[in-house]
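# A closer look at the structure
Below are the chains, spelled out letter by letter.
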Amino acid sequence: MTPTLVFYSQFDSFEEWRDLLAPLLPHVRICQEQDVEDPDHVLYALAWKPPQGFFARYRNLQLLVNLGAGVDSLVGRDDLPSIPITRVSDPDMGRMMASYILFAVLRYARDIPAFERAQRERRWHYVHPRLPASIRVGVLGLGELGAYAAAELVRQGFDVRGWSRSAKQLDGVTCSSGLDALDSFIAGSDILVVMLPLTPETRGLLNAERLALLPAGSCFINASRGAVVDQHALTEALASGLIAEATLDVFDREPLPPEDPLWALDNVLITPHLASVAIPGSAAKQIADNIMRLERGETVLHQVDPARGY
């Protein structure tokens, strides 16, 4: 039997992943769902947000590689057998996310939106630059990507605070943990960066009451999952000026519908869920290594628990 790896993603190039994985896994047939010759030969899946029922016909599936960091689309499925699920843990993904967060924070720290508005009005407008150390940047979620972003912000000289569910220690970051510390953490953030995974505990965590804790004139950045935030409450806070500016890469519905009021707010920058993506050139070897570990009877690396969300 020739083992088969089935690929599914509406956002990633099958040809690119296949061409990089094939030399590393010469004994494995790599194909898309429509080209699977025998479902019983499918031992591995490389997928991002597969539709419900996708896994049902692959009775011998042994490993699922999630093409990204978030595994919320795999929670509560009835078609997924109890097999190891791994995520792509790629330094290039960390750098990509950190660069997006750094761009968004610096844009607010240097008051760039004010200059953009002034330019549209052909108005010379001066705002005196602030010292980074005077700006409190709160990173909500200190997992692999959140910690990487926080370290980049520390290097830029910001007053970086971090919050996580369990206690963490990061150089240069004032860390807090647990729900009891969450409200004071939010209230002490001039720029709040959301980096939490979507889990049953984090869904809707940033509701209207918690958003109202942000200081006047604060800025909001979300590059994790839209459903962590009450999007209606966020929209109202931005429309009223309670929150001054926002950079949003994720939403409770994606693509963001054209009629959504967020599109019309000139204090919101919208990007289409691209803050960090899996890079085939740097991640293919890690994926192939995990498949070979499984074939040798070894424990796979970067395993995740969908119920926990990470």
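Just above, that's the structure.
Quick notes on the rules
- Here the residue index of a chain counts from 1 through its sequence in written order.
- It should be noted that, the model being predicted, local features are given only for residues of pLDDT at least 70 and side-chain atom pairs only at 80 or more, the latter also being counted only at that level, while totals for whole chains, interfaces and linings use all residues.
- The basis for the side-chain values is all heavy atoms of the structure; hydrogens and waters are excluded.
- Here, a strand pair is defined by DSSP locating no fewer than two bridges between the strands.
- Only DSSP runs of H or I with at least four residues qualify as helices, and only runs of E with at least two residues qualify as strands; both kinds are numbered from the N terminus onward.
- Axis lines are fitted to C-alpha atoms, over the contacting stretch for helices. Their N-to-C directions set the angle, which ranges from 0 to 180 degrees.
- Contacts: residue pairs with any heavy atoms within 4.5 Å of one another.

The subject of this paragraph is the sheet that holds strand β3 (residues 42-47). Here we have five strands laid out as an open sheet, ordered β2-β1-β3-β4-β5, and parallel in their pairing. Edge positions in the sheet fall to β2 (29-32) and β5 (85-87), since each of these pairs with one other strand and no more. For this sheet, the mean angle separating the axes of adjacent strands, direction not counted, is 20°. Its contacts with the sheet place helix α1 (residues 14-21) against β1 (4-8), β2 and β3, and it is angled at close to 175° to β2.

Here we come to unusual backbone geometry. With an omega of -5°, the peptide bond between glutamate 254 and proline 255 qualifies as cis. On the secondary structure map, proline 255 appears in the loop between β11 (243-248) and β12 (268-270). Unlike most non-glycine residues, lysine 49 shows phi in positive territory, near 50°. A positive phi angle, close to 55°, is found at histidine 273, a residue other than glycine. Residue position: histidine 273 is located in the loop between β12 and α8 (280-295).

Below, the discussion takes up the sheet that holds strand β10 (residues 218-222). Sheet architecture is open: seven strands sit in the order β8-β7-β6-β9-β10-β11-β12, paired in parallel fashion. Each end of this open sheet is capped by a strand with a single partner; those strands are β8 (174-177) and β12. Taking each pair of neighbouring strands and ignoring which way they run, the sheet shows an average axis angle of 15°. In terms of strand pairing, β10 meets β11 through five bridges, oriented parallel.

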